[in-house]
Every structure is written in structure tokens, then in C-alpha cells.
Amino acid sequence: MDIKEKVEEIVEKIKSDKDFAANFKKDPIPTVEKLIGVDLPEDQIEALIKMVKAKVDLDALAGGLGKLGGLFK
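Residues numbered from 1 in each chain as written. Predicted model: local features only at pLDDT ≥ 70, side-chain atom pairs only at ≥ 80, totals over all residues. Heavy atoms only, no water.

A. Highlighting helix α1 (residues 3-16). For α1, which comprises 14 residues, the first-to-last C-alpha distance of 20 Å matches the rise-based estimate of 20 Å (1.5 Å per residue) to within 8%. Buried residues of α1: Lys6, Val7, Ile10, Val11 and Ile14, and no others. On an axial view of α1, the arc spanned by its buried residues comes to 135°, and they lie on one face. In α1, the exposed positions angled more than 90 degrees off the buried face are occupied by Lys4, Glu5 and Ser16. Of the residues that open α1, the one with a side-chain oxygen 3.2 Å from the backbone nitrogen of Lys4 is Asp2. (Helix = DSSP H or I, 4+ residues; strand = E, 2+ residues; numbered from the N terminus. Expected span 1.5 Å × (residues − 1). Buried < 20%, exposed > 50% of the residue type's maximum accessible area, 1.4 Å probe, protein only. Arc of directions from axis to C-beta. Polar contact = N/O pair within 3.5 Å; in protein donor to acceptor, adjacent residues only side chain to side chain.)

B. The arrangement of the packing of α1 against helix α3 (residues 28-36) in detail. One can describe the packing of α1 onto α3 by two numbers: an axis separation of 11 Å at closest approach and a directional angle of 110°. Classified by the interaxial angle, the pair formed by α1 and α3 is roughly perpendicular. The chirality of how α1 crosses α3 is right-handed. Every residue of α3 that contacts α1 at Lys6, Glu9, Ile10 and Lys13 is listed here: Val32, Leu35 and Ile36. Residues of the contact of α1 with α3, tallied by class, amount to 4 nonpolar, no polar and 3 charged. (Axes fitted to C-alpha atoms, helices over the stretch in contact; angles between N-to-C directions. Parallel < 35°, antiparallel > 145°, perpendicular 65-115°, else oblique. Left-handed = near helix turned anticlockwise from the far one by under 90°. Contact = heavy atoms within 4.5 Å. Nonpolar A, V, L, I, M, F, W, Y, C, P; charged D, E, K, R; others polar.)

C. The side chain of Glu33, seen in detail. Assignment of secondary structure puts Glu33 in helix α3. Look past the residues within four positions of Glu33 in its chain and what remains in contact with it is Val38, Asp39, Leu40 and Ile45.

Scope: geometric values only; no functional claims are made or implied.
Shown next, in the form of C-alpha cells:
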């Protein structure tokens, strides 16, 4: 599995699907596992989620996600 590719896939899903974004915010581990179709070890899924949150925050700072800017704080 290409982690960078999965991060991009999840970020794009957050941007395009507000229900997915809400589920990710509420309960990120099962939301991500369902999307990627893989049950990862806890430490790996948490690392993936941190990368996604960082990417979303960076995009928000750049103006790409103005409406989601504070979603994960």
C-alpha cells in the first residue's frame, strides 16, 4: 500500500463528501479502515490519520479548504 497515495485519497474524500468528513471527525479509525478496505494495526492507522489531518490543515491554510479550516482542531 502506498501511504502517500492513501493520504491523498482520504483527503480528497474529505473535501468532496461532507458526510465522510463528519464521520472522519467523529470516529476516524473505522471511517478510514472502511474507505481503504484494510484493517491496519492501531499504530499504523493512527499515523495515517495524523498525516491526513496535517494535510487537511495545510490545505486549509493555503485556502483550499476554507470551509473546513477548523474541522480537526
